Amino acid sequence: MNSPFVSDVPAAEAHAAWREARAAAGCPARVETIRVPVGEAVGRVTAAPVWAQRSSPAFDSSGMDGIAVRASDTVGASETTPVVVTDFEVVDTGDPLPPGYDAVVMREHVHRTPEGAELRAAVPPYQHVRSIGEDISAAELLLPEGHRLRPVDVAACAAAGVVELTVRRAPTVVIIPTGDEIRPIGSDLKPGEILDTNSLMLAAQAREAGCDARVTDIVMDDPETITAALRAAAEEADLVLLIAGSSAGRDDYTARVVSSAGAVAVHGVAVRPGHPVVLGTAKGDPATPVLGVPGYPVSAALTFDIFAAPLLAELEGAAPRERPSTTARLARKLPSAIGMDDWVRVRLGRVQDQIVATPLPRGAGVLTSLVRADGLLVVPAGVEGHHAGTEVRVELLRGLNEINRTIVAIGSHDLVLDLAASTLRAADPLITLASSNVGSLGGLVALRDGLCHIAGSHLLDPATGEYTLPYVDKLLGDDIAVIRLVHRDQGLIVAPGNPLGIKGIDDLAQVRYVNRQRGAGTRALLDYELNQRGIDPSTIPGYSREEHTHLAVAAAVAAGRADAGLGILAAARAFDLDFVPVAQEPYDLVLRANDLSNPLLAPLWTLLDRTDFRASVEALGGYSCAETGRRIR
């Protein structure tokens, strides 16, 4: 298969094709077995059944601290007719049961008298006695082949007299980073250069899966050099991960290299992100599986989960590790291109007794979408997305207990919410404030539909000049509370030194503008200011270009892709940009009134009252906390 073009093989077919190619090339089905001390076996997979060498306990023993007695000597004992036993022996938990005795009475139930031990209840034979083999019997099957060993497993093995175990050795994964633009971690980068974060991530994923991982030196974009590196890696590896070069660009050589070193089974799988993945083998004695990993970090991480992890488990003879899953309601509409399995990262929280999933940014290069993700949902290839409120299945990346302690905030983006999230987590690691940026109007709609706890809003009503409250009346009605978070400065974010001399809104027709998305309060503010001046939005270059956060607007200006964008002062400061003030506006938190007493939100209200938190907010620049925490409605 030497075509430079990427195909769209369904994931299940790609797995099957790769498995057949590995078998045809002579790749080992399993890694070799080794003998290891039981104390070093956790995480390894048994390569043979484990049989108990002795019983546990190996003798009848006391299950409690107390006295050993003959049960027949206690017959008739009661609160009103106690029995005094004179023939007994004191025992501690784990002691062998003395000969001639068949029961143990707990120390708390023994009343000492000068005559002996007074008992006020009869005991049956073998009360509080651990019989020989109660836990494990000699010659019993303790663990089957193909079992990944846990701490409790090795403890049981030791109790059963097993001191060594036959297990599969850890698979070896060799990772080859490629690309003229790739630089080692810690390098000072020039324009066009990229840090080798993918190798760091993939090696950690491999080790987390129980493998030994090694990263080679970075290999430049030369087919012969990459081929030589692949052949050398294949000699020591059970799986080679070849990073980048899997697409169809000028310097994308992976498919050609794998074909030269062995064979390509699949080039292009119908998954997103991760579409241009290469699955193949490298010749050798024996042959070695090769996975061509796309260069975008989210694609690389998910490619490992989808293709590498199942293969590595198979090499150990174990079942693939599966994450738990749950059902959730989508917080907003989720479009998806038909024809590909779409892996979507989501944030999760429990709102009104149901789990709510909010999709995160979906770009293959947005690594922070995985950092912030609580779960993954797959939109199947035959489905064109889901509507808001649709129930979906989500694979969990965090535990349900953590998710149940998550405050779900949907609406306008503001750095104060990010600061609040960090401060809350520092005070209590069990609390998460998860904010999703869909604009003020989107947040109010999500609150109306029961998909969030709080909605961040600074939505200006052009008819009244009021913020947020007119929209609350239109969309939400009664039983709504509005809490003032901050007043903040909005203005034009411009290049350092303001080289174009931009003085205000009137100058936007002469510069390249970057806008916020429809429904955002900042977009509404711009439209209001334009209308006040009689400026037609279509005359502003870039008006239709949209970003979803203040920081994204600032980043576009910092990168030179735009000359100006409306945003908050704190975002301009984050990128060392200049700022032309336009307005000061309130930013509010909208919620259902009964949630004011919700214990989940109590730490947030406490935080807003803290003077140190308010000082940290104002230190960001462009914020006033004079009314922070005040109930507006």
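Looking up the chain in an unreviewed UniProt entry gives the name Molybdopterin molybdenumtransferase, with the organism given as Kibdelosporangium philippinense. Under Sequence similarities (unreviewed entry), UniProt gives the following word-for-word description of the chain: "Belongs to the MoeA family." Taken verbatim from the UniProt record of the chain, the Function (unreviewed entry) comment is "Catalyzes the insertion of molybdate into adenylated molybdopterin with the concomitant release of AMP."

Draft legend 1. Structural view of empty space enclosed by the protein. A complete count under the given rule lists 1 cavity of 30 Å³ or more for this structure. What the largest cavity holds in volume is close to 40 Å³. As for the largest cavity, its lining consists of Arg-347, Leu-348, Gly-349, Val-356, Thr-358, Val-408, Ala-434 and Ser-436. Contributing elements (two or more residues each) for the lining of the largest cavity: strand 24 (341-351), strand 25 (354-359) and strand 29 (432-437). Ranked by residues supplied to the lining of the largest cavity, first place goes to strand 24 with 3 residues.

Draft legend 2. Expanded view of unusual backbone geometry. Residues Ser-56 and Pro-57 are joined by a peptide bond in cis, for which omega reads -5°. Residue Arg-272 is joined to Pro-273 through a cis peptide bond whose omega torsion reads -5°. Along the chain, the position of Pro-273 falls in the loop between strand 20 (271-272) and strand 21 (278-282). Even without being glycine, Thr-468 reaches a positive phi, approximately 65°. Residue position: Thr-468 is located in the loop between strand 30 (454-457) and helix 11 (469-475).

Draft legend 3. Geometry of the side chain of Ser-436. With respect to the helices and strands, the residue Ser-436 is situated in strand 29. Other than its neighbours up to four places away in sequence, Ser-436 contacts Thr-358, Ala-409, Ile-410 and Gly-411.

Draft legend 4. Representation of the nonpolar core in the model. Grouped together as the largest cluster of nonpolar side chains are 42 residues, with contacts concentrated most on Leu-433, Ile-454, Ile-493 and Leu-589. Elements supplying a minimum of two residues to this core: strand 28 (406-411), helix 9 (415-427), strand 31 (480-494), helix 13 (550-558), helix 14 (569-574), strand 35 (578-592), helix 15 (602-608) and helix 16 (611-619). Looking at which element gives the most residues to this core, the answer is helix 9, with 6 residues. If we skip the residues at most four places from it in the chain, Ile-454 touches Ile-407, Val-408, Ala-409, Ile-410, Leu-433, Leu-589, Val-590, Leu-591, Leu-601 and Leu-604. Counting residues in hydrophobic clusters, the runner-up holds 37 residues, among them Val-31, Ala-203, Ala-209 and Cys-211.

Draft legend 5. Structural context of the sheet that holds strand 8 (residues 103-106). In space, the 3 strands of this open sheet follow the order 7-5-8, with antiparallel pairing throughout. Two strands lie at the open edges of the sheet, namely strand 7 (89-91) and strand 8, each paired on one side alone. Each adjacent strand pair in this sheet contributes to an overall mean axis angle of 40°, direction not counted. Pairing of strand 5 (residues 66-69) with strand 8 involves 4 bridges; the strand directions are antiparallel. Residue pairing in the sheet places Gly-66 in a bridge with Met-106 of strand 8.

Draft legend 6. Main features of helix 4 (residues 223-234). Along its 12 residues, helix 4 runs 16 Å from first to last C-alpha, staying within 8% of the 16 Å computed at 1.5 Å per residue. Looking at helix 4, one finds that the buried residues are Pro-223, Ile-226, Thr-227, Ala-229, Leu-230, Ala-233 and Ala-234. Buried positions in helix 4, seen along its axis, are confined to an arc of 165° and lie on one side of it. The inward-facing, buried residues of helix 4 abut strand 14 (172-177), strand 18 (239-243), helix 5 (254-261), strand 21 and strand 22 (288-293).

Draft legend 7. Structural context of the packing of aromatic side chains. The tally for this structure, following the rule as stated, stands at 0 aromatic pairs. Taking the ring centre of Trp-18 as reference, the NZ or CZ of Arg-22 above it sits at 4.9 Å. The ring of Tyr-471 is capped by Lys-474, whose NZ or CZ atom sits 5.3 Å from the centre of that ring.

Draft legend 8. Up close: the packing of helix 4 against helix 5. At a minimum axis separation of 9 Å, helix 4 and helix 5 run at an interaxial angle of 55°. Classified by the angle between their axes, helix 4 and helix 5 sit oblique to one another. As helix 4 packs across helix 5, the resulting crossing turns out to be right-handed. Contacts between helix 4 and helix 5 involve Pro-223, Ile-226, Thr-227, Leu-230 and Arg-231 from the first element and Arg-256, Val-257, Val-258, Ser-260 and Ala-261 from the second. Per-class residue counts for the contact of helix 4 with helix 5 are 6 nonpolar, 2 polar and 2 charged.

Draft legend 9. Quick peek at the side chain of Thr-406. Tracing the backbone through its elements, the reader meets Thr-406 in strand 28. Look at Thr-406 and you get buried, because its relative accessible area is 0%. Within the structure, the side chain of Thr-406 is placed 3.1 Å from the backbone oxygen of Glu-402, a separation counted as a polar contact. Every residue in contact with Thr-406, bar those within four places of it in the chain, is listed here: Leu-348, Gly-349, Arg-398, Thr-432, Ala-434, His-453 and Leu-600.

Parameters and conventions
- Residues numbered from 1 in each chain as written.
- Predicted model: local features only at pLDDT ≥ 70, side-chain atom pairs only at ≥ 80, totals over all residues.
- Heavy atoms only, no water.
- UniProt positions renumbered as here; feature names shortened; annotations may be inferred.
- 1 Å grid on protein atoms, 1.4 Å probe; cavity = no way out; pocket = protein on both sides within 12 Å on 5 of 7 lines; lining within 4 Å.
- Points joined across faces, edges and corners; volume = space filled by probe spheres on them.
- Helix = DSSP H or I, 4+ residues; strand = E, 2+ residues; numbered from the N terminus.
- Contact = heavy atoms within 4.5 Å.
- Core = buried A, V, L, I, M, F, W, Y, C linked by side-chain atoms within 4.5 Å.
- Buried < 20%, exposed > 50% of the residue type's maximum accessible area, 1.4 Å probe, protein only.
- Pairing = 2+ DSSP bridges.
- Axes fitted to C-alpha atoms, helices over the stretch in contact; angles between N-to-C directions.
- Expected span 1.5 Å × (residues − 1).
- Arc of directions from axis to C-beta.
- Phe/Tyr/Trp six-rings, centres within 6.5 Å; stacked < 30°, edge-to-face > 60°.
- Lys NZ or Arg CZ within 6 Å of the ring centre and 35° of its normal.
- Parallel < 35°, antiparallel > 145°, perpendicular 65-115°, else oblique.
- Left-handed = near helix turned anticlockwise from the far one by under 90°.
- Nonpolar A, V, L, I, M, F, W, Y, C, P; charged D, E, K, R; others polar.
- Polar contact = N/O pair within 3.5 Å; in protein donor to acceptor, adjacent residues only side chain to side chain.

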